[in-house]
Amino acid sequence: VQLQASGGGLVQAGGSLRLSCVASHGRTWSMGWFRQAPGKEREFVAAISRSMTYDTESVKGRFTISRDYAKNTMYLQMNSLKPEDTAVYYCVASNAAISPGKDPEYWGQGTQVTVSS
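Residues numbered from 1 in each chain as written. Predicted model: local features only at pLDDT ≥ 70, side-chain atom pairs only at ≥ 80, totals over all residues. Heavy atoms only, no water.

Caption draft 1: The pattern of salt bridges, seen in detail. Across all of its chains, the model carries five salt bridges by this definition. Between Asp 85 and Arg 35 there is a salt bridge, with the nearest N and O atoms lying 3.0 Å from each other. Highlighted residues: Asp 85 in the loop between β8 (73–78) and β9 (87–94) and Arg 35 in strand β4 (residues 30–36), separated in sequence by 50 residues. The two residues Asp 85 and Arg 35 agree in class, both being buried. (Salt bridge = Lys/Arg side-chain N within 4 Å of Asp/Glu carboxyl O. Helix = DSSP H or I, 4+ residues; strand = E, 2+ residues; numbered from the N terminus. Buried < 20%, exposed > 50% of the residue type's maximum accessible area, 1.4 Å probe, protein only.)

Caption draft 2: The pairing of β8, seen in detail. Most of β8 sits inside the fold, with five of its six residues counted as buried. Pairing geometry for strand β3 (residues 17–23) and β8, over six bridges, is antiparallel. When the sheet's bridge partners are listed, Leu 19 is paired in β8 with Leu 76. By the bridge criterion, six bridges tie strand β7 (residues 63–68) to β8 in an arrangement that is antiparallel. Note on β8: the bridge partner recorded for Ile 65 is Leu 76. (Pairing = 2+ DSSP bridges.)

Caption draft 3: Representation of the sheet that holds strand β2 (residues 9–12) in the model. Spatial strand order, β2-β10-β9-β4-β5-β6: six strands in an open sheet with mixed pairing. Because the sheet does not close on itself, it has two edges, and the strands there are β2 and β6 (53–55). Geometrically, the sheet is characterised by an average inter-axis angle of 20° between neighbouring strands, direction not taken into account. In terms of strand pairing, β9 meets strand β10 (residues 106–116) through six bridges, oriented antiparallel. Across the sheet, Ala 87 pairs through a bridge with Val 113, a residue of β10. (Axes fitted to C-alpha atoms, helices over the stretch in contact; angles between N-to-C directions.)

Caption draft 4: Quick look at the state of the cysteines. For the structure on display, the rule yields one disulfide. The disulfide bridge from Cys 21 ends at Cys 91, spanning 1.8 Å between sulfur atoms. Across the S-S bond linking Cys 21 and Cys 91, the dihedral sits near -70°, which makes this disulfide left-handed. With Cys 21 in strand β3 and Cys 91 in strand β9, this pair connects stretches of sequence that are 70 residues apart. (Disulfide = S-S within 2.5 Å.)

Caption draft 5: Region of the structure containing the side chain of Thr 73. By the secondary structure assignment, Thr 73 is in strand β8. Reaching out from Thr 73, the side chain makes a polar contact with the backbone oxygen of Lys 71 at a distance of 2.8 Å. Beyond its immediate sequence surroundings of up to four residues, Thr 73 is in contact with Cys 21, Val 22, Ser 66, Arg 67 and Asp 68. (Polar contact = N/O pair within 3.5 Å; in protein donor to acceptor, adjacent residues only side chain to side chain. Contact = heavy atoms within 4.5 Å.)

Caption draft 6: View of the environment of Ala 46. The residue Ala 46 is located in strand β5 (residues 43–49) in this model. With 26 residues separating them in the primary sequence, Ala 46 and Asn 72 have C-alpha atoms 17 Å apart. When residues no more than four places from it in sequence are discounted, the contact partners of Ala 46 are Gly 32, Trp 33, Tyr 54, Asp 55, Ile 65 and Leu 76.

Structure representation (structure tokens):
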């Protein structure tokens, strides 16, 4: 599956952004987002399948993941952004459940999110 992410940009702290990821087909079991900040390891952000959604503690209550199966598109609505959310965000997909400790099979190109203080 090919993944195309978009929607990153520069925003002030407290602001919002919505990331989108279009998949070339909708046959993957789950999709999600990872991010990597400068000088830090890549980390899991959120994932979604037909049966559940799952996000990391640091974004709970601020980020919402959703998926439009008719459009083969996944979204990440990011509200109340903080400078520590600054990172390259990667769209991912898998034929199994996505979890923090396992790299998904499919990766899109990253989209930069920068949050200024």
